[in-house]
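Single-letter residue listing:
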Amino acid sequence: MTERESGPVREVAEAWDALVAAARRTVADGLVVGTSGNVSVRAGGLVLVTPSGVPYDRLGPDDLVAVDPADGRQVAGALKPTSELPMHLAVYRHTSAAAIVHTHAVHATAVSTLVPELPPVHYMTAALGGTVRVASYATYGSQELADNMLHALRGRTGVLLQNHGTLTYGDTLDQAYDRTAQLEWMCRLWLTAASVPGHTPSLLSEGQLAEVGERLRGYGQRG
């Protein structure tokens, strides 16, 4: 990139670097295995997505893949976009998402096979908008899966995909990733507590979650 290149070009290049870093982190953190899962982010009026079937440690600046969010048409890159593109585009078209992380995290996927929603075992449930629902199973990469996901996602920023994995979104890539990590941690927490013989985990009420939701709006550093 030269110093004379435009702001949008620089924005897209920097967003791609951040996307690749996040995708590699999903592997390092054990949220995906191999090339499973995918990451996307809005930049320069486009949606940048991880390519299909390419190990993340092999991705570089020249492997950028971008699509038009309106019709999904590929507008940049020689590699084929992720097979889960319909799911990503559905989120962008119906929410304010700026970034999306989809994983095959073990504990979250296990929970998706057991219950219709993750019981509110921890107050960080509020950070995802409320009790996280499980979207009905459909074949990966299908429009049916995208539709099922979108239905379960309503009013939330995270969803479990039955016998499949997770999807979270955020105002930034860091936020989307943090929500993914929190969701996997809460699933692990519930599975651990629920496995103790003779005991049932205590759950938080809607009122308790609402109170936490208000507190979280002011959480963190403010300039």
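The structure presented is a predicted model; accordingly, all values stated were derived computationally and were not measured.

J.: Hey, could you go over the overall build of the protein chain for me, with residue numbers and the actual values?
T.: Within the protein chain one finds six helices and eight strands. If you list the helices and strands of the protein chain from N to C, you get α-β-β-β-β-α-β-α-β-α-β-β-α-α. Taken against the 2.2 N^0.38 rule, which gives 17 Å for 223 residues, the C-alpha radius of gyration of the protein chain at 18 Å falls within 12% of a compact globule. A principal-axis box enclosing the C-alpha atoms of the protein chain has dimensions of 65 × 45 × 30 Å. For the protein chain, the residues scored as buried account for 47% of the 223 residues in total. When contacts within the protein chain are restricted to residue pairs at least 6 apart in sequence, long-range pairs at least 24 apart make up 63% of them. By element, 51% of the accessible surface of the protein chain is carried by carbon and sulfur atoms, the whole surface being about 11300 Å². Mean positive and mean negative side-chain charge positions of the protein chain (17 and 22 charges, respectively) differ by 2 Å.

J.: For the nonpolar core, give the residues involved together with the corresponding values.
T.: Residues Leu48, Leu118 and Leu160 are the most contacted members of the largest nonpolar core, which totals 37 residues. At the level of elements, helix 1 (7–28), strand 1 (38–43), strand 5 (99–103), helix 3 (106–112) and helix 5 (173–194) are the ones that each hand at least two residues to this core. Those residues within four positions of Leu160 in sequence are excluded, and the remaining contacts are Ala108, Val111, Ser112, Leu118, Val132, Arg133, Val134, Ala135, Gly165, Thr166, Leu183 and Cys187. Formed by 23 residues, the second largest nonpolar core is a distinct cluster that contains Val49, Met87, Leu89 and Leu167.

J.: Which residues make up unusual backbone geometry, and what values do they have?
T.: Negative phi is the rule for most residues except glycine; trans is the rule for most peptide bonds. Although it is not a glycine, Asn163 adopts a positive phi angle of roughly 55°. With respect to the secondary-structure elements, Asn163 resides in the loop between strand 7 (158–161) and strand 8 (165–170).

J.: Break down the environment of Val134 for me, citing the residues and quoting the values.
T.: With respect to the element layout, Val134 can be found in strand 6 (residues 134–135). Considered as a pair, Val134 and Asn148 are 14 residues apart in the sequence and their alpha carbons are 9.1 Å apart. Look past the residues within four positions of Val134 in its chain and what remains in contact with it is Ser112, Val115, Pro116, Glu117, Ala152, Leu160 and Gln162.

J.: Can you break down the packing of helix 2 (residues 85–94) against helix 4 (residues 143–153) residue by residue, with the values?
T.: It is the contact of helix 2 with helix 4, at a shortest axis distance of 8 Å, that shows an interaxial angle of 40°. Accordingly, the angle class assigned to the pair helix 2 and helix 4 is oblique. By crossing handedness, the relation of helix 2 to helix 4 is classed as right-handed. On helix 4, the residues that touch Pro86, Met87, Ala90, Val91 and His94 of helix 2 are Gln143, Leu145, Ala146, Met149, Leu150 and Leu153. Tallied by class, the residues present in the contact of helix 2 with helix 4 amount to nine nonpolar, two polar and no charged.

J.: Before we move on, can you summarise the pattern of salt bridges with the specific residues and values?
T.: In total, this model carries four salt bridges according to the counting rule given. When the shortest N-O distance is used, the salt bridge between Arg25 and Asp29 registers 3.3 Å. With a closest N to O distance of 3.7 Å, Asp71 and Arg73 form a salt bridge. What makes Asp71 partly exposed here is its relative accessible area of 48%. Sharing partners across several salt bridges, the network here consists of Asp68, Asp71 and Arg73.

J.: Talk me through the side chain of Ser112; I want residue IDs and the actual numbers.
T.: For Ser112, the location among the structural elements is in helix 3. Among the polar contacts listed, one links the side chain of Ser112 to the backbone nitrogen of Asn163, at a separation of 2.9 Å. With residues up to four places along the chain from it excluded, the contact list for Ser112 reads Val134, Leu160, Leu161, Gln162, Asn163 and His164.

J.: Just give me the short version of the sheet that holds strand 3 (residues 66–67), but keep the residues and values in it.
T.: With mixed pairing, eight strands are arranged side by side in an open sheet as 4-3-2-1-5-8-7-6. In this open sheet, the two strands that pair with only one neighbour each are strand 4 (74–76) and strand 6. Of the strand pairs in this sheet, strand 5 and strand 8 are connected by five bridges, and their pairing is antiparallel. For His102, the partnering residue across the bridge sits in strand 8 and is Leu167.

J.: Explain helix 4 residue by residue, including any values.
T.: Helical geometry: 3.6 residues make up each α-helical turn, so side chains three or four residues apart lie on a common side. Taken together, the buried positions of helix 4 are occupied by Leu145, Ala146, Asn148, Met149, Ala152 and Leu153. For helix 4, the angular spread of buried residues about the axis comes to 165°, placing them on one side. Residues of helix 4 that are buried in the fold lie against helix 2, strand 6, strand 7 and strand 8. The first or second residue beyond helix 4 is Gly155, which carries a positive phi of 75°.

Calculation notes
Residues numbered from 1 in each chain as written. Predicted model: local features only at pLDDT ≥ 70, side-chain atom pairs only at ≥ 80, totals over all residues. Heavy atoms only, no water. Helix = DSSP H or I, 4+ residues; strand = E, 2+ residues; numbered from the N terminus. Rg over C-alpha atoms; globule rule 2.2 N^0.38 Å. Buried < 20%, exposed > 50% of the residue type's maximum accessible area, 1.4 Å probe, protein only. Contact = heavy atoms within 4.5 Å. Areas by Shrake-Rupley, 256 points an atom, 1.4 Å probe, with all protein chains shown as cover. Lys, Arg positive; Asp, Glu negative; His and termini not counted. Charge placed at Lys NZ, Arg CZ, Asp CG, Glu CD. Core = buried A, V, L, I, M, F, W, Y, C linked by side-chain atoms within 4.5 Å. Axes fitted to C-alpha atoms, helices over the stretch in contact; angles between N-to-C directions. Parallel < 35°, antiparallel > 145°, perpendicular 65-115°, else oblique. Left-handed = near helix turned anticlockwise from the far one by under 90°. Nonpolar A, V, L, I, M, F, W, Y, C, P; charged D, E, K, R; others polar. Salt bridge = Lys/Arg side-chain N within 4 Å of Asp/Glu carboxyl O. Polar contact = N/O pair within 3.5 Å; in protein donor to acceptor, adjacent residues only side chain to side chain. Pairing = 2+ DSSP bridges. Arc of directions from axis to C-beta.

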